[in-house]
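Observations on the model geometry
Spelled out from the first residue to the last, the chains are:
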Amino acid sequence: MRQRRHIPADRMQVGPPDYIQLSLFGLVSAINALTSSQPVAANVRPLPGDTLRNVPDISLPVSGSQSVFNSRNYRPSADLFNARTVIERIKANVKAIRLAKQLVCEGREVTDDEKAQLVQFSGWGGLASAFEEGSRYLSVLDEILTTEERQAAAASCLTAFYTPPSLITAIWQAVEEFGFTGGRILEPGAGIGHFLGFSPPSVNARSEWVAVEKDPIAGLIVGLLYPDTSVEMGGF
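None of the values given here were measured: they were computed from a predicted structure. (Residues numbered from 1 in each chain as written. Predicted model: local features only at pLDDT ≥ 70, side-chain atom pairs only at ≥ 80, totals over all residues. Heavy atoms only, no water.)

1. A look at the overall build of the protein
Check the secondary structure of the protein and you find 8 helices and 7 strands. Within the protein, contacts between residues at least 6 apart in sequence are counted, and of these 73% link residues at least 24 apart. Of the roughly 13,000 Å² of accessible surface on the protein, 53% is carried by carbon and sulfur atoms. (Helix = DSSP H or I, 4+ residues; strand = E, 2+ residues; numbered from the N terminus. Contact = heavy atoms within 4.5 Å. Areas by Shrake-Rupley, 256 points an atom, 1.4 Å probe, with all protein chains shown as cover.)

Below you can see the structure in the form of structure tokens.
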């Protein structure tokens, strides 16, 4: 008869997953979320940029109670994605970039009104016309963006499309149905953080976030909107 190997209690993962990875195309638990009693190997390496505390060993508040977690993070409105014209999006992006760089220079806390302006940044997906020769916005973009920032923005015109709140809400509903109620959350390709902003309040109050974003401007803005989040700049 095969002998059963004893697994110490501190090596056993019991119950819902304690950290997850969010993305538009899938929900992936970093510790086999769908296996309710999966031992965690001692040599499991932390996720890239993961500087979080060991969440299973800290006391998370019960759902609905007040928490210091993410208390400064922004909670956007669902009407954020109301239809806007190309020109309206470009103008909103320019305004958000100016404000973001001003706030960094001033080095102060961002007000709710300022966050409401920053969250209007919609990325450059579908806005290639802003970077075309003869565009009236070229001089403005040259003024507010560094060479690296402008190259990154222009390169993202075919890829930087932010997920709408309706889809984000559906994904979060699935996460909750998997049994996740709070813990460590990695958001790769964070954009300006809509998965953070539209997370369920009960989960948000019980979680710690790592957001990874390649675009330097989007990474700057997500850090201003969600100051309680660890933001890693670079590809994932």
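What follows continues from the structure just given.
2. Overview of the environment of proline 201
Structurally, proline 201 can be placed in helix H7 (residues 201-204). The class of proline 201 is exposed, set by a relative accessible area of 60%. With 126 residues separating them in the primary sequence, proline 201 and arginine 75 have C-alpha atoms 9.1 Å apart. (Buried < 20%, exposed > 50% of the residue type's maximum accessible area, 1.4 Å probe, protein only.)

3. Focus on the pattern of salt bridges
A complete count under the given rule lists 7 salt bridges for this structure. Put simply, glutamate 109 and arginine 72 hold a salt bridge, and the shortest N to O gap is 3.6 Å. Taken together, the residues span a long stretch of sequence, with glutamate 109 in the loop between helix H1 (86-106) and helix H2 (112-118) and arginine 72 in the loop between strand E4 (37-39) and H1 at a distance of 37 residues. Relative accessible area serves as the criterion here: at 48%, glutamate 109 is assigned to the partly exposed category. A salt bridge links aspartate 142 to arginine 150; the shortest N-O distance between them is 2.2 Å. With a relative accessible area of 44%, aspartate 142 lands in the partly exposed category. Overlapping salt bridges, with partners in common, bring together Arg72, Glu109 and Asp228 in one network. (Salt bridge = Lys/Arg side-chain N within 4 Å of Asp/Glu carboxyl O.)

4. Notes on the packing of aromatic side chains
Both the distance between ring centres and the angle between the ring planes are used here to describe each pair of aromatic rings. Scanning the entire structure with this criterion turns up 3 aromatic pairs. With a centroid separation of 5.2 Å and 75° between ring planes, the pair formed by tryptophan 124 and phenylalanine 131 is classed as edge-to-face. The same class applies to tryptophan 124 as to phenylalanine 131, namely buried. Through a chain of ring-to-ring contacts, three or more aromatic side chains come together here, namely Phe121, Trp124 and Phe131. (Phe/Tyr/Trp six-rings, centres within 6.5 Å; stacked < 30°, edge-to-face > 60°.)

5. Thoughts on helix H8 (residues 216-225)
Of all 10 residues that make up H8, 8 are buried, and the element is covered over most of its length. The complete set of buried residues in H8 reads Pro216, Ile217, Ala218, Gly219, Ile221, Val222, Leu224 and Leu225. In this structure, the buried residues of H8 make contact with H1, H2, helix H4 (147-155), strand E6 (208-213) and strand E7 (230-233). Its side-chain oxygen placed 3.2 Å from the backbone nitrogen of isoleucine 217, aspartate 215 serves as the N-cap of H8. (Polar contact = N/O pair within 3.5 Å; in protein donor to acceptor, adjacent residues only side chain to side chain.)

6. A word on the nonpolar core
Leu118, Phe121, Trp124, Leu141, Trp172, Ile221 and Leu225 are the most contacted members of the largest nonpolar core, which has 42 residues in total. At the level of elements, H1, helix H3 (138-144), helix H5 (165-177), helix H6 (194-197) and H8 are the ones that each hand at least two residues to this core. If you tally residues by element for this core, the top one is H1, at 7 residues. Not counting chain neighbours up to four residues away, the residues in contact with isoleucine 221 comprise Ala96, Ala100, Leu118, Phe121 and Ile192. (Core = buried A, V, L, I, M, F, W, Y, C linked by side-chain atoms within 4.5 Å.)

7. Description of the environment of glutamate 176
In this fold, glutamate 176 is placed in helix H5. In contact with glutamate 176, not counting residues within four places along its chain, are Pro200, Ser202 and Val203.

8. Describing the environment of tryptophan 172
As for its placement among the helices and strands, tryptophan 172 is situated in helix H5. Through-space distance from the C-alpha of tryptophan 172 to that of phenylalanine 195 is 8.5 Å; in sequence the pair is 23 residues apart.

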